[in-house]
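Per-entry structural report
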Amino acid sequence: EEGGAGGRGGGQRGGGGGAPRSKENLYGKESAVKSLRKTKFPGSDAKHVWLIEFYAPWCQHCKRLKPTMERLAKELEGFVKVGAVNCEKEKQLCGVEGVSSFPVLKLKKGSVTVSHDGERDLSALKTWTLDQLPVRVANVRKPEGLDAFLRNGCGSERACVVFFSDATETPAWLKVAANELRGRFEFAEVRARNEALALRLADVAAFPSLVLVCDGDASRTAAFEGALRHEMTPKEVVAWVETFSRARGKCAGIQSVPKTGTKLDASLPYETMRVSKLRAILAAHDIPCVLCAEKSDFTRAIRDFISKKGEL
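Since we're looking at a predicted model, the values are computed, not measured. (Residues numbered from 1 in each chain as written. Predicted model: local features only at pLDDT ≥ 70, side-chain atom pairs only at ≥ 80, totals over all residues. Heavy atoms only, no water.)

Taken together, the five strands give an open sheet; going across it, the order is β2-β4-β3-β6-β7, and neighbouring strands pair in mixed fashion. Each edge of the sheet is formed by a strand with only one pairing partner; in this case those strands are β2 (34-36) and β7 (112-115). Taking each pair of neighbouring strands and ignoring which way they run, the sheet shows an average axis angle of 30°. Relative to β7, strand β6 (residues 104-109) runs antiparallel, the two being bridged by four bridges. Across the sheet, residue K106 finds its bridge partner in β7, namely S115. (Pairing = 2+ DSSP bridges. Helix = DSSP H or I, 4+ residues; strand = E, 2+ residues; numbered from the N terminus. Axes fitted to C-alpha atoms, helices over the stretch in contact; angles between N-to-C directions.)

Okay, structure coming up:
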């Protein structure tokens, strides 16, 4: 049976007589979709995630899907590798993969294979593919969770990465970077503008911010400057993080710098700070503010505390 390129499920089956069927690859050498074969097929140890189309070159449904796959490969560049297997030439491989109709789309992420069974338009395929990316990022919500991550995920003589997000979901570039650097660097994410945790680790002037921590020491950090300029790509993030490996020794050059985010200073513009940051400062110094409701209450409590400390 056969369905439209943008349809759901369905496909064209082989077999039958008639004129000889084409065996030529649908995707040429210059295509963004890489032609795969048995000797060049991602295994369980593959570094990248692959979206693979299994097709037959005579299949009309496959031919109609081709432009979508070409565009998809370009839009997923840097995030997911896109490949295709010509089942007329690679019958054994397609048999092992359980392909009996065309086209079939599968996502390969290490030893895990996920089959696609949904809409095949560009937007739907892109969304589905990015949603399937493996998540190797710790979701840190509380101070004790951050402390545990720095102690265990980073530890002595290692660097780890913390992303301070203004959103509630893990971005695709962070998933890919963490996956590519697995076993070498640990990643954590602090979501939804968590000012309290940002102040504990480093001075985060705005969200989002990407911070690398050396040796689990919250006072020895480096910030990725591109975090605020644009949607980051896995390639640039991976390249930046790798400069802090022990082989390159960049971490060794980062000296301990006292954090100023929670420092009490009467000259700081507390009145212009967000309430969430003011709360974090109060918590960091155990400043009582039981009846605080308005922003002015928080700032008054801080300034009163600073004034009393100055009198001591």
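Pairing is mixed in the open sheet, where five strands are placed in the order β8-β10-β9-β11-β12. Every interior strand has two partners, whereas the edge strands, β8 (137-139) and β12 (221-223), have only one. On average, each strand axis in the sheet is tilted by 25° relative to the strand beside it, whichever way the strands run. Relative to strand β10 (residues 186-190), β8 runs parallel, the two sharing three bridges. Residue N139 lies in a different strand from β10, and its bridge partner there is E189.

For the rest of this paragraph, the subject is the packing of helix α5 (residues 172-180) against helix α7 (residues 234-242). The contact between α5 and α7 brings their axes to 9 Å, and the two run at 45°. On the basis of the axis angle, α5 is oblique to α7. The chirality of how α5 crosses α7 is right-handed. Of the residues in α7, those in contact with W173, V176, A177 and E180 of α5 are P234, V237 and V238. Taken together, the residues of the contact of α5 with α7 break down into six nonpolar, no polar and one charged. (Parallel < 35°, antiparallel > 145°, perpendicular 65-115°, else oblique. Left-handed = near helix turned anticlockwise from the far one by under 90°. Contact = heavy atoms within 4.5 Å. Nonpolar A, V, L, I, M, F, W, Y, C, P; charged D, E, K, R; others polar.)

Below, the discussion takes up helix α3 (residues 122-131). Because an α-helix completes one turn every 3.6 residues, residues spaced three or four positions apart along the sequence face the same direction. For α3, every residue scored as buried is listed here: L122, L125, W128, T129 and L130. Contacts made by the buried residues of α3 are with β3 (50-55), α1 (60-75), β6, β7 and α5. The opening residue of α3 is D121, an N-cap whose side-chain oxygen sits 3.3 Å from the backbone nitrogen of S123. (Buried < 20%, exposed > 50% of the residue type's maximum accessible area, 1.4 Å probe, protein only. Polar contact = N/O pair within 3.5 Å; in protein donor to acceptor, adjacent residues only side chain to side chain.)

On to the pairing of strand β11 (residues 209-214), then. The buried count for β11 comes to six of six residues, which makes it a mostly enclosed element. Side-chain alternation along β11 places S209, V211 and V213 on one buried face and L210, L212 and C214 on a second face that is also buried. Pairing of strand β9 (residues 159-164) with β11, which is carried by six bridges, proceeds in the antiparallel orientation. Among the inter-strand pairings, V162 is bridged to a residue of β11, identified as V211. Pairing of β11 with β12, which is carried by three bridges, proceeds in the antiparallel orientation. Looking across to β12, one finds that V211 is bridged to A223. Here β11 hands over to β12 after six residues, with D215 in that stretch at a positive phi of 55°.

Attention now goes to the confidence of the model for the chain. Per-residue pLDDT for the chain averages 85, and the proportion of residues at 70 or more is 86%. Averaged over each element, pLDDT in the chain is lowest for strand β1 (residues 12-13) (64) and highest for β3 (98). Contacts from residues 1-7, a stretch scored under 50 in pLDDT, to residues over four places away or in other chains number 22 contacts. (pLDDT = per-residue confidence, 0-100.)

Here we take up the packing of aromatic side chains. In total, this model carries six aromatic pairs according to the counting rule given. Here W58 and F102 contribute two aromatic rings whose centre-to-centre distance is 5.9 Å and whose plane-to-plane angle is 90°, an arrangement assigned as edge-to-face. Separated by 44 residues along the polypeptide, W58 in the loop between β3 and α1 and F102 in strand β5 (residues 101-102) bring together distant segments of the chain. Across the pair, exposure class does not vary: W58 and F102 are buried alike. With a centroid separation of 5.3 Å and 70° between ring planes, the pair formed by W240 and F244 is classed as edge-to-face. Neither W240 nor F244 differs from the other in exposure class; each is buried. Residue placement shows K66 over the ring face of Y27; its charged tip is 5.9 Å from the ring centre. Across from the ring centre of F54, 5.9 Å away, lies the NZ or CZ of K106, which sits over that ring. (Phe/Tyr/Trp six-rings, centres within 6.5 Å; stacked < 30°, edge-to-face > 60°. Lys NZ or Arg CZ within 6 Å of the ring centre and 35° of its normal.)

Attention shifts here to the side chain of N86. With respect to the helices and strands, N86 occurs in strand β4 (residues 81-86). Among the polar contacts listed, one links the side chain of N86 to the backbone nitrogen of E88, at a separation of 3.0 Å. When residues no more than four places from it in sequence are discounted, the contact partners of N86 are K23, E24, N25, Y55 and P57.

Attention now goes to α1. When the terminal C-alpha atoms of α1 are compared, their 24 Å separation across 16 residues agrees well with the 22 Å that a helix rising 1.5 Å per residue should span. The largest bend in α1 comes to about 35°, at K66, with the proline P67 one to four residues further on. All buried positions along α1 are accounted for by H61, C62, L65, T68, M69, E70, L72 and A73. (Expected span 1.5 Å × (residues − 1). Bend = angle between axes of the 7 residues up to and from the residue.)

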